[in-house]
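# Summary of structural features
For reference, the chains in residue letters:
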Amino acid sequence: MLIVAALAWDASGRATEPFPFAATDLARGQPITPDVIEWRPTAVGSLMMPDLTAASAASTITAGDPIVPSLLTGPVTLDGDVWAVPIGLPVGLQPGSSVRLVFQDGTATGGVVVQPSSEDSLGLVTDGLVAVPRTDADAVALAASNSEIVVLVRP
């Protein structure tokens, strides 16, 4: 009976739809373009279709992995004259998140996360990039290089 049911299930012709998979390894921040996507048939409704319009990888995506919405991020729009400064950020912040950068003397400036920090399999954390106003960029860069800056995030 079990074999007959399995054969009937297999012959039922389950509906499939094309779904995007990574054709190559994708680095965090890499734009998702047609040349890095491989469309494979997948059971309808088994995975949520991502919006690939102006999307980039929010984290490393290995070749062959399905490209699902949680692995993508949209573009960060920035206003005014800003510079991106590498700073150690809490892991888990998303691009576009607002941060407040406090200097040792108590002064502060605002910033926007352009590229989040990430943690590798050994626990090593890479610096992220924070866009800050041009007028504060030099002070932020100097304080960050001397580990004299604190990053505040809104919960």
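Data block above holds the structure.
Residues numbered from 1 in each chain as written. Predicted model: local features only at pLDDT ≥ 70, side-chain atom pairs only at ≥ 80, totals over all residues. Heavy atoms only, no water.

### What to know about the overall build of the chain
Threshold: Helix numbers and strand numbers start at the N terminus; a helix is a DSSP run of H or I with at least 4 residues, a strand a run of E with at least 2. Here the globule rule reads 2.2 Å times residues to the power 0.38, and the radius of gyration is calculated from C-alpha atoms. Burial here depends on accessible area, computed with a 1.4 Å probe over protein chains only, as a share of the maximum for the residue type. Under 20% is buried, over 50% is exposed, and the range in between is partly exposed. The contact criterion used throughout is that any non-hydrogen atoms of two residues lie within 4.5 Å. Method for areas: the Shrake-Rupley scheme with a 1.4 Å probe, in which residue coverage is limited to the protein chains shown.
Secondary structure assignment for the chain yields two helices and eleven strands. Along the chain, helices and strands appear, N-terminal first, in the series α-β-β-β-β-β-β-β-β-β-β-α-β. Here the chain has a C-alpha radius of gyration of 21 Å; the compact-globule value for 155 residues is 15 Å, and the former is much larger. Considered along the principal axes of its C-alpha atoms, the chain spans approximately 75 × 30 × 25 Å. Per-residue burial for the chain yields a buried fraction of 28% across its 155 residues. Partitioning the intrachain contacts of the chain with sequence separation of at least 6 by distance along the chain shows that 57% fall at a separation of at least 24. In the structure as shown, the chain presents an accessible area of about 9,700 Å², 59% of it carried by carbon and sulfur atoms.

### Describing helix α2 (residues 134-145)
The condition that has to hold: Between the first and last residue of a helix there are one fewer steps than residues, each counted as 1.5 Å, and that sum is the expected span. Note that the arc is computed from the directions linking the helix axis to the C-beta atoms.
Counted at 1.5 Å a residue, the expected span for α2 with its twelve residues is 16 Å, and the 17 Å between its end C-alpha atoms agrees. Of all the residues in α2, the buried ones are Ala 137, Val 140 and Ala 143. One side of α2 holds all its buried residues, which, seen down the axis, span an arc of 145 degrees. For α2, exposure combined with an orientation more than 90 degrees from the buried face picks out Asp 138, Leu 142 and Ser 145. The inward-facing, buried residues of α2 contact β5 (82-87), β6 (98-103), β7 (108-115), β10 (128-133) and β11 (149-153). Where α2 ends, the next residue or the one after it, Ser 147, has phi of about 55 degrees, a positive value.

### A word on unusual backbone geometry
The phi dihedral of Ala 54 is positive, around 55 degrees, even though this residue is not glycine. Take Ala 54: it is sitting in the loop between β2 (37-43) and β3 (56-57). The class for Ala 54 is exposed, based on a relative accessible area of 52%. The backbone of Ser 147 sits at a positive phi, close to 55 degrees, despite the residue not being glycine. Here Ser 147 is to be found in the loop between α2 and β11.

### Quick word on the packing of aromatic side chains
The test is simple: For this analysis, a ring pair means two rings from Phe, Tyr or Trp (six-membered ring only for Trp) whose centres lie within 6.5 Å, classed as stacked if their planes differ by under 30 degrees, edge-to-face if by over 60, and tilted for the remaining angles. In this scheme, the term charge over a ring applies when either NZ of a lysine or CZ of an arginine sits within 6 Å of the ring centre and within 35 degrees of the ring normal.
The final tally for this structure, using the stated rule, is one aromatic pair. Note on Phe 19 and Phe 21: the rings are 6.0 Å apart at their centroids and 75 degrees apart in plane angle, and the pair reads as edge-to-face. Taking relative accessible area as the criterion, Phe 19 reaches 1% and is therefore assigned buried. When its relative accessible area of 10% is taken as the criterion, Phe 21 is described as buried. Note that Arg 40 overlies the ring of Phe 21, its terminal NZ or CZ placed 4.6 Å from the centroid.

### Here we look at the sheet that holds β5
As a reminder, the rule being used: Between any two strands, at least two bridges found by DSSP are needed for them to pair. Working convention: axes come from line fits to C-alpha atoms, limited for helices to the stretch in contact. Angles between N-to-C directions cover 0 to 180 degrees.
The strand order across the open sheet formed by five strands is β5-β10-β7-β6-β11, and the pairing between neighbours is antiparallel. Only two strands of the sheet have a single neighbouring strand rather than two, namely β5 and β11. Within this sheet the neighbouring strands show an average axis-to-axis angle of 40 degrees, counted without direction. As paired strands, β7 and β10 are joined by three bridges and run antiparallel to one another. Bridging from a neighbouring strand, Val 112 pairs with Ala 131 of β10. Contacting β5, β6, β7, β10 and β11, α2 crosses the sheet at an angle of about 10 degrees to β5.

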